[in-house]
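So you can see what is in the structure, the chains are spelled out below.
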Amino acid sequence: MRLSSFLFAAPIFICMMTACKETPKTEYASFAEYPVYKGDDLGLTYSPTKSTFKVWAPTAEEAKISLYDAGEGGSPIQTQAMEYDRDGVWKVSFSEDLKGKFYTFQVKIKGNWSNEVPDPYVKAVGVNGNRGMVVDLNETNPENWDNDERPALQNPTDIILYELHVRDLSSDPNSSIKNTGKFLGLTELGTKSKEGEATGLDHIKDLGITHIHLLPAFDYKSIDESVKNNPNYNWGYDPQNFDTPEGSYATDPYDGAVRIREFKQMVKTLHENGIRVVMDVVYNHTFVTQSSNFNQLVPGYYFRQKADGTFSNASGTGNETASERAMFRKFMVQSVKHWVNEYHVDGFRFDLMGIHDIETMNEISAELHKIDPTIIIYGEGWTAGDSPLPDSLRAIKKNVSKLNNIAVFSDDIRDAIKGHVFTPTEKAFVSGLPNLEESLKFGIVAATKHPQIKYDSVRYSKAPWAAEPYQCISYVEAHDNHTLWDRLVISAPEASEAERIKMHKLSSAIVLTSQGISFLHAGQELLRTKQGNENSYESPDSINLLDWSRKSKYKEVYNYYKGLVTLRKNHPAFRMMKTEDIIKNLQFLEFKNPSNTVGYTISNNANGDKWKTIFVLFNGNKMPREIYLPDGEWTQVLDGEQVNESGIRKIKGGEDNPIQIPPISAMILVQ
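Note that this is a predicted model, so its numbers are computed, not measured.

Draft legend 1. A look at the overall build of the chain. Of regular secondary structure, the chain possesses 13 helices and 29 strands. For the chain, whose C-alpha radius of gyration is 27 Å, the value lies close to the compact-globule estimate of 26 Å for 671 residues. For the C-alpha atoms alone, the extent of the chain along its principal axes is close to 100 × 55 × 45 Å. Taken across its 671 residues, the chain has 62% of its residues classed as buried. If you take every contact in the chain between residues at least 6 apart in sequence, the share linking residues at least 24 apart comes to 70%. When the accessible area of the chain is evaluated, it comes to approximately 24900 Å², of which 48% is carbon and sulfur surface.

Draft legend 2. Structural detail: the pattern of salt bridges. Per the counting criterion, the structure on display carries 40 salt bridges. Measuring nitrogen to oxygen at the nearest pair gives 2.9 Å for the salt bridge that ties K108 to E62. Of this pair, K108 sits in strand β9 (residues 102–109) while E62 sits in strand β5 (residues 62–68), placing them 46 residues apart in sequence. The closest approach of N and O atoms between E641 and K505, which form a salt bridge, is 3.9 Å. Placement of E641 in the loop between β26 (633–638) and β27 (649–652) and of K505 in helix α9 (residues 497–513) is noted, with a sequence separation of 136 residues between them. Classification of K505 as buried rests on a relative accessible area of 3%. Salt bridges sharing common partners tie together D280, R349, D351 and E380.

Draft legend 3. Up close: the pairing of strand β3 (residues 43–47). Taken together, the five bridges between β3 and strand β4 (residues 50–56) define a ladder with antiparallel strand orientation. Bridged to S47 within β4 is K50. Linking β3 to β4, which pair antiparallel, is a turn of two residues.

Draft legend 4. Region of interest: unusual backbone geometry. One non-glycine residue, A447, adopts positive backbone phi at about 60 degrees. Here A447 is to be found in the loop between α7 (437–444) and β20 (472–474). A positive phi angle, close to 65 degrees, is found at N481, a residue other than glycine. Within the element layout of this structure, N481 appears in the loop between β20 and α8 (484–491). Relative accessible area serves as the criterion here: at 16%, N481 is assigned to the buried category.

Draft legend 5. Inspection of the sheet that holds strand β16 (residues 276–281) at higher detail. The sheet built from eight strands closes into a barrel, its strands ordered β12-β13-β16-β17-β18-β19-β20-β21 with parallel pairing. Neighbouring strand axes in the sheet, compared pairwise and without regard to direction, differ in orientation by 30 degrees on average. Contacts from helix α12 (residues 555–570) reach β12 (160–164) and β21 (517–521), with the element oriented near 160 degrees to β21.

Draft legend 6. Seen up close, the packing of aromatic side chains. The final tally for this structure, using the stated rule, is 43 aromatic pairs. Between W56 and Y301, the ring centres sit 5.0 Å apart and the planes meet at 65 degrees, which makes this aromatic pair edge-to-face. Placement of W56 in strand β4 and of Y301 in the loop between α3 (293–297) and α4 (326–343) is noted, with a sequence separation of 245 residues between them. Taking 5.2 Å as the distance between ring centres and 85 degrees as the angle between the ring planes, the aromatic pair formed by F409 and F519 counts as edge-to-face. With F409 in strand β19 (residues 407–409) and F519 in strand β21, this pair connects stretches of sequence that are 110 residues apart. The ring of Y343 is capped by K264, whose NZ or CZ atom sits 5.8 Å from the centre of that ring.

Draft legend 7. Molecular detail of the packing of helix α2 (residues 256–272) against α4. Running from amino to carboxyl end, α2 crosses α4 at an angle of 75 degrees, the nearest separation of the two axes being 10 Å. Here α2 is positioned roughly perpendicular relative to α4, judged by the angle of their axes. When α2 is examined against α4, the residues I260, F263, K264 and V267 are found in contact with a partner set consisting of W339, E342 and Y343. Per-class residue counts for the contact of α2 with α4 are five nonpolar, no polar and two charged.

Draft legend 8. Expanded view of the packing of α4 against helix α5 (residues 358–371). The N-to-C vectors of α4 and α5 enclose an angle of 25 degrees; their axes lie 10 Å apart at closest approach. Classified by the angle their axes make, α4 and α5 are roughly parallel. Like other packed secondary-structure pairs, α4 and α5 cross with a definite hand, here right-handed. Across the interface between the two elements, R329, M332, V333, V336, K337, V340 and N341 from α4 touch E359, T360, E363, I364, E367, L368 and I371 from α5. Taken together, the residues of the contact of α4 with α5 sort by class into seven nonpolar, two polar and five charged.

Draft legend 9. Looking closely at the environment of A32. Structurally, the position occupied by A32 is in the loop between β2 (19–23) and β3. As for A32 and R325, which are separated by 293 residues in sequence, their C-alpha atoms are 7.2 Å apart.

Draft legend 10. Summary view of α9. Look at α9: 24 Å from first C-alpha to last across 17 residues, which is about the 24 Å you get at 1.5 Å a residue. Of all 17 residues that make up α9, 13 are buried, and the element is covered over most of its length.

Draft legend 11. Spatial organisation of the sheet that holds β4. One open sheet accounts for four strands, arranged β3-β4-β8-β7; its pairing is antiparallel. Unpaired on one side and paired on the other, β3 and β7 (83–84) mark the two borders of the sheet. Summarising the sheet, β4 and strand β8 (residues 89–94) pair through six bridges and their orientation is antiparallel. Note that in β8 the partner of V55 across the bridge is W90.

Draft legend 12. Quick peek at the environment of S410. Looking at where S410 falls in the secondary structure, it is placed in the loop between β19 and α6 (411–418). Sequence separation between S410 and Y558 is 148 residues, and the spatial gap between their C-alpha atoms is 24 Å. Excluding residues that lie within four positions of it along the chain, S410 makes contacts with W465, C472, I473 and Y475.

Draft legend 13. Seen up close, α6. For α6, a buried count of eight out of eight residues is recorded, marking the element as mostly surrounded by other parts of the structure. All of the buried residues in α6 are D411, D412, I413, R414, D415, A416, I417 and K418. Where α6 is buried, its residues contact β19, α7, β20, α8 and α9. One or two residues past the end of α6 sits G419, with phi positive at roughly 115 degrees.

Draft legend 14. Structural context of the side chain of S335. Position of S335 relative to the elements: it lies in helix α4. For S335, the contacting residues outside a window of four places in its chain are F242, D243 and Y283.

Draft legend 15. Local environment of the side chain of R487. Topologically, R487 is positioned in helix α8. Nearest to the buried, unbridged R487 among oppositely charged side chains is E426, at 4.7 Å. If we ignore the near neighbours within four places in the chain, the residues touching R487 are K418, G419, H420, V421, T423, P424, E426 and H482.

Cut-off values and rules
Residues numbered from 1 in each chain as written. Predicted model: local features only at pLDDT ≥ 70, side-chain atom pairs only at ≥ 80, totals over all residues. Heavy atoms only, no water. Helix = DSSP H or I, 4+ residues; strand = E, 2+ residues; numbered from the N terminus. Rg over C-alpha atoms; globule rule 2.2 N^0.38 Å. Buried < 20%, exposed > 50% of the residue type's maximum accessible area, 1.4 Å probe, protein only. Contact = heavy atoms within 4.5 Å. Areas by Shrake-Rupley, 256 points an atom, 1.4 Å probe, with all protein chains shown as cover. Salt bridge = Lys/Arg side-chain N within 4 Å of Asp/Glu carboxyl O. Pairing = 2+ DSSP bridges. Axes fitted to C-alpha atoms, helices over the stretch in contact; angles between N-to-C directions. Phe/Tyr/Trp six-rings, centres within 6.5 Å; stacked < 30°, edge-to-face > 60°. Lys NZ or Arg CZ within 6 Å of the ring centre and 35° of its normal. Parallel < 35°, antiparallel > 145°, perpendicular 65-115°, else oblique. Nonpolar A, V, L, I, M, F, W, Y, C, P; charged D, E, K, R; others polar. Left-handed = near helix turned anticlockwise from the far one by under 90°. Expected span 1.5 Å × (residues − 1). Lys, Arg positive; Asp, Glu negative; His and termini not counted.

Written as structure tokens, this is what we have:
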């Protein structure tokens with residue numbers, strides 16, 4: 001129905017005995033007229049003596065709940081009409097202990113009953129998420145859950161993210177992880193490959209990252225949870241139930257309490273091992289549109305429409321949600337708070353964050369940072385298609401300065417390092433393509449304002465977009481598109497494996513010494529390959545798994561990454577928090593022939609660093625570059641082969657002592 005055809009309908013009051021009850025108003029002139037429920041008790045409120053269910057369905061004429069003994073199959077054991085309460089909310093209470101029962105809702109709109117669905121706020125579900133489950137959340141807490149603490153974190157720029165799919169970590173039998181493909185796989189310690197190298201959690205701990213970023217781990221649609229160890233695979237960007245964990249990652253997908261308990265155990269174990277947990281969240285769309293929980297209960301409201309009334313599709317998956325509408329904004333805010341309060345999650349990565357409006361994202365930031373100011377929020381600063389939401393209101397890259405304590409990914413530094421993401425054969429800085437120096441410098445200062453950058457020569461951004469460095473995520477590889485190793489194989493076919501390894505190491509050196517927040521893709525430190533697959537979202541485990549044999553095969557690469565992580569963590573000069581400090585302390589070098597060479601100094605014991613001056617040089621050429629160091633004795637701590645903070649060698653500076661930067665390498669020298 002077109003929105004213009006909605007009519008106002010006056011509320012009707014039915015007086016019974018001494019009480020006067022309002023019946024629902026079912027037609028509205030526009031979505032903006034829909035009532036807004038202010039309470040925070042939508043969904044199920046459980047106790048052993050009473051369960052109350054509330055569902056927001058303002059256009060419904062009637063509503064009912066059906067109770068079941070199982071999460072699938074069978075007939076309802078009871079169906080109960082719900083009573084209209086207020087502000088579009090229907091409710092029903094049961095004065096008994098319903099724990100272990102399953103439930104669905106239906107609403108009647110314009111004389112027709114909807115499908116049976118859980119409500120959007122459902123916190124526990126049965127197999128495949130088609131029915132809600134009554135669970136006592138307190139009983140899902142692991143031992144000592146109340147004493148769980150987030151690992152220490154001082155500043156957001158201290159964060160080093162590690163993006164991981166739950167299943168990828170343990171799918172390789174060589175991982176020796178017992179709980180293959182499960183949340184509990186991330187809790188196992190002492191696992192080793194047949195070559196004797198640490199795998200799983202021990203590997204991640206040893207690498208030294210601060211945060212694991214989990215690809216979607218909420219309940220998603222595409223994997224049939226009833227098939228044990230289902231060989232079908234998906235990244236999980238197909239949301240079904242936002243507030244409960246994915247059942248295929250649990251040891252028992254039929255009991256909704258199991259997936260909750262095991263997710264919590266994973267978080268607790270990671271916290272105990274010094275690692276925080278970020279959830280990849282996908283509030284920008286739902287896997288299905290018409291038959292989604294949202295649309296069955298409140299048709300049209302939760303999704304944006306085009307001028308002709310059809311669903312808009314900025315997600316590229318058939319629909320996009322309407323974060324600017326009050327009740328979906330409310331849902332997003334309450335959902336992230338649930339993951340923080342109930343599961344102790346430490347941050348969120350918003351998929352296609354550009355689909356969401358700035359006001360909603362800022363409200364999410366404000367609410368989460370009231371709970372804990374160290375929670376990290378970041379996302380993709382773009383959309384996958386056009387949206388009716390005006391650019392000025394979108395949480396996109398060019399509007400980052402309007403976002404409060406929210407970061408976005410820097411495609412500027414990503415593509416300057418390895419080439420345009422959608423042009424696989426294109427070279428870039430590390431593979432020898434000239435004229436990307438200004439784009440690289442733009443990324444090095446985390447997209448903040450810097451007087452030495454020639455913005456008209458920056459490839460994408462002709463002006464700084466980050467107000468402060470903590471609003472920029474520096475990366476070169478993620479789950480999307482080719483892995484860096486596969487990209488180098490495609491774009492530099494003439495290069496030897498040894499040369500590609502140099503390119504890979506140079507890429508990581510740039511990312512892990514740049515200002516802003518650093519981001520690694522799981523397995524990047526093992527030269528991860530997906531056998532050239534550019535979009536592995538539903539490819540088999542054989543493509544997506546972490547191949548643990550590569551750790552011993554490329555051990556020197558792993559050690560290089562580990563050394564870079566340690567270097568970054570030990571030296572706050574690479575983690576400045578303020579743009580003014582970067583301007584004051586970071587000075588780019590001027591080269592007569594800058595082709596594929598970028599260098600800079602960080603001076604003044606920047607950000608409290610013990611090193612007074614740091615000299616950073618990147619050479620993307622296949623030939624060495626000759627430069628002169630300032631006078632004095634310098635200690636080299638990084639070259640293309642190793643990282644050694646104690647010193648690789650001493651070098652004397654001055655105009656009489658030129659030094660050479662080897663081909664395709666980084667060099668760091670300090671005083």
